[in-house]
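Architecture and fold: a report
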Amino acid sequence: PNTFDSFPPKSSLAPSSLKGGTAGHEEVLMSMKAQIWNGSRHGDDRADSISTLMTETLTARGYEARHFRMRELKIKPCIGCSRCYTTKPGECGAKDDTHSFIPEIPQQDLVVMVTPLMFGGFTSTLKRAIDRCNPMATAFVVREPDATHFVGRYDSMPKLIFVGLNEQEDSQGPNIFRILSERASRSLQSSSYDHVVFTNDDDDHAVTQGLNQALGQ
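Quick caveat, the model's predicted, so the values are computed rather than measured. (Residues numbered from 1 in each chain as written. Predicted model: local features only at pLDDT ≥ 70, side-chain atom pairs only at ≥ 80, totals over all residues. Heavy atoms only, no water.)

Right, let's talk about the confidence of the model for the chain for a bit. Overall, the prediction assigns the chain a mean pLDDT of 84, with 85% of residues at 70 or greater. The spread of mean pLDDT over the elements of the chain runs between strand β1 (residues 3-7), the lowest at 36, and strand β6 (residues 110-116), the highest at 96. Here residues 1-28 is modelled with pLDDT under 50, and outside its nearest four sequence neighbours on either side it reaches 60 contacts, counting other chains as well. (pLDDT = per-residue confidence, 0-100. Helix = DSSP H or I, 4+ residues; strand = E, 2+ residues; numbered from the N terminus. Contact = heavy atoms within 4.5 Å.)

Below, the structure written as structure tokens:
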């Protein structure tokens, strides 16, 4: 793959995925959960195939992986009503298909987001789903040297992996994607993230290697 980046270095297993363990004995893995958010548009066959490879890779690693095609779901845009902060904390008032997967995010070990690069960013359907994750935060904000963002509602959140397909081989796209992935990981309250970018020249073997690297092979 053309681009790979992560912070901070971290095992692909969330703490909730480990059971017991004593000195001199291997830890026993419990069932791990993952969601794959496929942000491809109609006709984005390569992005679809990468999402399928991601699902197969996670399943082979013992994850209970669920694959969601954003374009097939009814996802209303966030209207900024702040209801999820005030009237009904942690709950979005919009009635659509996001209620089938977004409320389950805190129970996941991993969330993977796959998208063709759109000027370095996400497709509109994937971005709309990300925006609807506001209930994962509280109404309080924290200021950092380079950003201001909301305080998370939950003590722990899953690791995020952002997978981009640079079909147009835009020289600026991968760097923009790196920045947007890092910012999105803060908005989604994740303490760690990885991002990887592929091109049309990367075959299935190269994609699988890149995905395993992002997972922490």
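Next, the rest of the story.
Enumeration over the complete set of coordinates arrives at 12 salt bridges. Note that Glu167 is salt-bridged to Arg41, the shortest N-O span being 3.9 Å. With Glu167 in the loop between β9 (159-165) and α3 (173-187) and Arg41 in the loop between β4 (32-38) and α1 (45-60), this residue pair connects regions lying 126 residues apart in the sequence. The class for Glu167 is partly exposed, based on a relative accessible area of 25%. Linking Asp131 and Lys127 is a salt bridge whose minimum nitrogen-to-oxygen distance equals 2.6 Å. Placement of both Asp131 and Lys127 in helix α2 (residues 124-131) is noted, with a separation of four residues, approximately one turn of the helix. Overlapping salt bridges bring together Glu144, Glu182, Arg183 and Arg186 as one network. (Salt bridge = Lys/Arg side-chain N within 4 Å of Asp/Glu carboxyl O. Buried < 20%, exposed > 50% of the residue type's maximum accessible area, 1.4 Å probe, protein only.)

Scanning all chains against the criterion turns up six aromatic pairs. Ring plane angle 85° and centroid distance 5.1 Å describe the contact between Trp37 and Phe101, whose orientation is recorded as edge-to-face. On the criterion of sequence distance, the pair formed by Trp37 in strand β4 and Phe101 in the loop between β5 (63-69) and β6 is long-range, its members being 64 residues apart. Of the two residues examined, Trp37 and Phe101, each falls in the buried class. Put simply, the rings of Phe122, Phe162, Phe177 and Tyr193 touch in pairs and so form one group of aromatic residues. (Phe/Tyr/Trp six-rings, centres within 6.5 Å; stacked < 30°, edge-to-face > 60°.)

We now examine the side chain of Thr125. With respect to the helices and strands, the residue Thr125 is situated in helix α2. If near-sequence neighbours (up to four positions away) are discounted, Thr125 is found in contact with Gly39, Met70, Arg71 and Ile75.

Before going further, it helps to spend a moment on α1. Compared with the 22 Å implied by 1.5 Å per residue over 16 residues, the 23 Å span of α1 between its first and last C-alpha is a close match. Of all the positions in α1, only Arg46, Ala47, Asp48, Ile50, Ser51, Leu53, Met54, Thr55, Thr57 and Leu58 are classed as buried. Of the surrounding elements, those touching the buried residues of α1 are β4, β5, β6, β9, β10 (193-198) and α4 (204-215). Just past α1, the residue Gly62 takes up positive phi, approximately 95°. (Expected span 1.5 Å × (residues − 1).)

Turning to the packing of α1 against α4, a few remarks are in order. Describing two packed helices takes the angle between their axes plus the distance from one axis to the other. Axis separation between α1 and α4 bottoms out at 10 Å; the angle between their running directions is 50°. If you check the angle between α1 and α4, you find them oblique. Crossing angle aside, the handedness with which α1 passes α4 is right-handed. Between α1, through Arg46, Ile50, Leu53, Met54, Thr57 and Leu58, and α4, the contact on the second element is made entirely by Asp204, Val207, Thr208, Leu211, Asn212 and Leu215. (Axes fitted to C-alpha atoms, helices over the stretch in contact; angles between N-to-C directions. Parallel < 35°, antiparallel > 145°, perpendicular 65-115°, else oblique. Left-handed = near helix turned anticlockwise from the far one by under 90°.)

In this structure, Lys159 sits in strand β9. At a separation of 3.2 Å, a polar atom in the side chain of Lys159 contacts the main-chain carbonyl oxygen of Ala214. (Polar contact = N/O pair within 3.5 Å; in protein donor to acceptor, adjacent residues only side chain to side chain.)

Here strand β7 (residues 137-144) runs beside strand β8 (residues 147-152); their pairing, made up of five bridges, is antiparallel. If you follow Arg143 over to β8, its bridge partner there is Thr148. Here β7 folds back onto β8, and the loop between the two strands holds two residues. (Pairing = 2+ DSSP bridges.)

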